[in-house]
There are 2 protein chains.
Amino acid sequence: MGPAATAEFYAKLIARTPAERDQDHLPVAIWADPRVPDRVAAVIDGSTDPYPAMLNGALRLRDIGATLVAVPCHTAHFFLPRLIEDSGLPFVDMVAETVGELLRGPMNAAGLLGTRATIQSGLYQNRLHEADFDVAVPDEPLQQQVDLAIKKVKQGDTMAAAEHLGLVVRELSTSAVVLACTELPLAVPFIPGPCEVDLIDPTVLLADAVIRECR
Amino acid sequence: MGPAATAEFYAKLIARTPAERDQDHLPVAIWADPRVPDRVAAVIDGSTDPYPAMLNGALRLRDIGATLVAVPCHTAHFFLPRLIEDSGLPFVDMVAETVGELLRGPMNAAGLLGTRATIQSGLYQNRLHEADFDVAVPDEPLQQQVDLAIKKVKQGDTMAAAEHLGLVVRELSTSAVVLACTELPLAVPFIPGPCEVDLIDPTVLLADAVIRECR
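Residues numbered from 1 in each chain as written. Chains lettered and ligands numbered in written order. Predicted model: local features only at pLDDT ≥ 70, side-chain atom pairs only at ≥ 80, totals over all residues. Heavy atoms only, no water.

Caption draft 1: Inspection of the side chain of threonine 115 of chain B at higher detail. Residue and element names in this part refer to chain B. Within the secondary structure, threonine 115 sits in the loop between strand 4 (109-113) and helix 6 (116-121). Here threonine 115 falls in the buried class, since its relative accessible area comes to 8%. Polar contacts involving the side chain of threonine 115 include one to the side chain of threonine 75, which spans 2.8 Å. In this structure, threonine 115 is in contact with Val40, Thr75, Gln143, Ile150 and Cys181, ignoring residues within four places of it in sequence. (Helix = DSSP H or I, 4+ residues; strand = E, 2+ residues; numbered from the N terminus. Buried < 20%, exposed > 50% of the residue type's maximum accessible area, 1.4 Å probe, protein only. Polar contact = N/O pair within 3.5 Å; in protein donor to acceptor, adjacent residues only side chain to side chain. Contact = heavy atoms within 4.5 Å.)

The following block contains the structure:
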């Protein structure tokens, strides 16, 4: 989906695979079609449906021999059940991996940052609330800062993105924050000043799940 | 070929594409099969032939709609003429792009670092010598340091790789050095101490050529 987030996910998958030489790594095929219509607009107001383009990608990956699929895009997880059903492929569910990790840990509350679509769809909150886990989401002015952080990463300006992200993380005042948009972790290294908050990166959990499932 | 080099090349391609949003980026399909047999051994002593696996990758990319192919691996360029002929696909030639850039510049000499196979095959030297451009290559003890630098990047230890690379670059005593193995640029940011040498990264030229050809 987001090209920079896809490249970063692939780099994480490689970095987290125990390997001494090329041949120890997983065979990977990537379908990165940035022409897929905006997932956020589609979830929020039913604009141009991205699903046919997403399914096309899944089917092409199936055709060239993929046996497990990871989608490093949270908003796209809204469409995951249909993708699984229509492609017949197994997918690793990044939201389920992250919810599982949160519920196994010592916390019972966290902040959640993502696109408006991820937040509004309740993708994370529904599963966490069921387990009595509290979730703090940004109010409208803070969501605008999250939107800007995501937009700036997509434009290649991670420094500007980090300014917006740092502001939101501090304002949210939770001890941990889930970065539930795959663009956000790219800005983390550039957040100005000290940041005491535990920033949880679901793409790391997705990478580990892929490695676990393939071994 | 090398997974980390492939991820880094994809990140460079994205970073160097002028874009304001996802939809401005190039559609990319990546076939990253690390089970391709060792290209270096094959070129040097005719060990297990990697060509069938490489051709298989090219054909799969063709099947899912690729119209232009880039191979971010110098040693693999030894096989490029056969790949172009057997797949019928256009490939961007990273060696040609780099040689062209060198010959357009003000220099008439440079150092060359790569795998033993890239050096021994004369992939770069033949084209550069034809244009009276001098090429300095490592002697055997220095080549062993280059081999170690490449191996350490493949093991994910870019810090150790940078120690070996820094040593070679200083010993070679040329004002510019072509990093003609796609693993080497990953170690550059970690070279200890000051490094006055102009380090030329052919993967950047490959990324720019892909963007140019696709626009």
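Caption draft 2: A look at the interface of chain B and chain A. Each partner contributes residues to the interface: chain B has 33 residues there, and chain A has 33 residues. Of the roughly 2800 Å² buried where chain B meets chain A, counting both sides, 55% is carbon and sulfur surface. For the chain B face of the interface with chain A, the top three residues by lost area are Asp22, Pro34 and Ile64 of chain B, together amounting to 23%. Inspection of the chain B/chain A interface yields three salt bridges. For the salt bridge of aspartate 22 of chain A with lysine 154 of chain B, the shortest nitrogen-to-oxygen distance reads 2.7 Å. At the surface where chain B touches chain A, the tally comes to twelve residue pairs in polar contact (both at pLDDT 80 or more). Looking at the side of chain B that touches chain A, the elements that each hand over two or more residues are helix 1 (3-15) and strand 1 (28-32) of chain B. With seven residues, the top contributor of residues to the side of chain B that touches chain A is helix 1 of chain B. (Buried area = accessible area lost by both parts, 1.4 Å probe. Salt bridge = Lys/Arg side-chain N within 4 Å of Asp/Glu carboxyl O.)

Caption draft 3: Here's a closer look at the environment of alanine 117 of chain A. All names here are of chain A. Looking at the secondary structure, you find alanine 117 in helix 6 (residues 116-121). As for alanine 117 and aspartate 33, which are separated by 84 residues in sequence, their C-alpha atoms are 20 Å apart. Non-local contacts of alanine 117, meaning those with residues more than four positions away in its chain, are made with Val40, Val43, Ile44 and Thr75.

Caption draft 4: Region of the structure containing the sheet that holds strand 4 of chain B. Residue and element names in this part refer to chain B. Spatially, the four strands line up as an open sheet ordered 5-4-6-7, and their pairing is parallel. Looking at which strands have only one partner, the edges of the open sheet turn out to be strand 5 (134-136) and strand 7 (198-200). Here the average twist between neighbouring strands, direction ignored, is 30°. (Pairing = 2+ DSSP bridges. Axes fitted to C-alpha atoms, helices over the stretch in contact; angles between N-to-C directions.)

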